[in-house]
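# Understanding the architecture of this molecule
Each chain is listed here by its residues.
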Amino acid sequence: MIHPILKMGDARLLRVAEPVSVFDTPELHRLIGDMFETMHAAGGAGLAAPQIGVNLRLVIFGFEKVARYPDAPPVPPTVLINPVITLLNGAMEEGWEGCLSVPGLRGVVARHARLRYTGFDAKGAPIDRTVEGFHARVVQHECDHLDGILYPMRVRDFTRFGFTEVLFPELTGQPDD
């Protein structure tokens, strides 16, 4: 089932999400399926449960190719529950971001270039990955949603924040992610 995606300004996007305590349930699998369906329908690279009004520490992400980031390398489809991010060095990379909850806008955000993330999959099996580049950016962006942070809160230079159709006219007509 495709869910409506909450938009910036909705107070539910500003909450700190609650940990998932029970894994491998029909309800959790249905929620994850709905999240993937919603993300794909919106053309996104990732989606956090709070973006559809579910206050749980659950994110999904991954794609072979995504129209909003045509140069991005593939990111494996991932269900990440109760994530913990460990920064592996202080190196930062700036990059353009968009968000399904902030439609029509893009901004440059500095993110950690390399990190390790741990958590659990839908069945409760542990996940432990070390990633860099765009994969690291996606993980940080989605996990920010679990702490009530939207990417515009991380924009430092508002001369590099604006409407997608103005900044990237070649991408006009594509949904934000």
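In this report, we go over the structure that sits alongside the text. (Residues numbered from 1 in each chain as written. Predicted model: local features only at pLDDT ≥ 70, side-chain atom pairs only at ≥ 80, totals over all residues. Heavy atoms only, no water.)

On inspection of all chains with the given rule, the structure shows seven aromatic pairs. Ring plane angle 90 degrees and centroid distance 5.1 Å describe the contact between W96 and F168, whose orientation is recorded as edge-to-face. Remark: F168 occurs in the segment after helix 3 (164-167) and W96 occurs in strand 4 (residues 92-99); sequence separation between them is 72 residues. The partly exposed category is assigned to W96, whose relative accessible area is 28%. The exposure class assigned to F168 is buried, which follows from its relative accessible area of 16%. Clustering of aromatic rings is evident, with ring pairs tying together F63, Y69 and F134. The ring of F168 carries the charged tip of R106 above its face, separated from the ring centre by 5.7 Å. (Phe/Tyr/Trp six-rings, centres within 6.5 Å; stacked < 30°, edge-to-face > 60°. Helix = DSSP H or I, 4+ residues; strand = E, 2+ residues; numbered from the N terminus. Buried < 20%, exposed > 50% of the residue type's maximum accessible area, 1.4 Å probe, protein only. Lys NZ or Arg CZ within 6 Å of the ring centre and 35° of its normal.)

One open sheet accounts for five strands, arranged 1-2-3-6-7; its pairing is antiparallel. Looking along the sheet, the strands with just one partner apiece sit at the ends: strand 1 (46-48) and strand 7 (126-132). Pairwise comparison of adjacent strand axes, ignoring direction, gives a mean angle of 35 degrees for this sheet. The pairing of strand 1 with strand 2 (residues 58-63) spans three bridges and is classified as antiparallel. Note on strand 2: the bridge partner recorded for A48 is V59. (Pairing = 2+ DSSP bridges. Axes fitted to C-alpha atoms, helices over the stretch in contact; angles between N-to-C directions.)

Further remarks concern unusual backbone geometry. In this structure, D24 takes a positive phi of about 60 degrees despite not being glycine. Mapped onto the elements of the fold, D24 is located in the segment before helix 1 (26-42). The phi angle at N82 is positive, at roughly 50 degrees, despite the residue not being glycine. With respect to the helices, strands and loops of the structure, N82 is situated in strand 3 (residues 75-87). Judged by relative accessible area, N82 falls into the buried class, the value being 16%.

Fair warning: the whole summary comes from geometry, so function is off the table for now.
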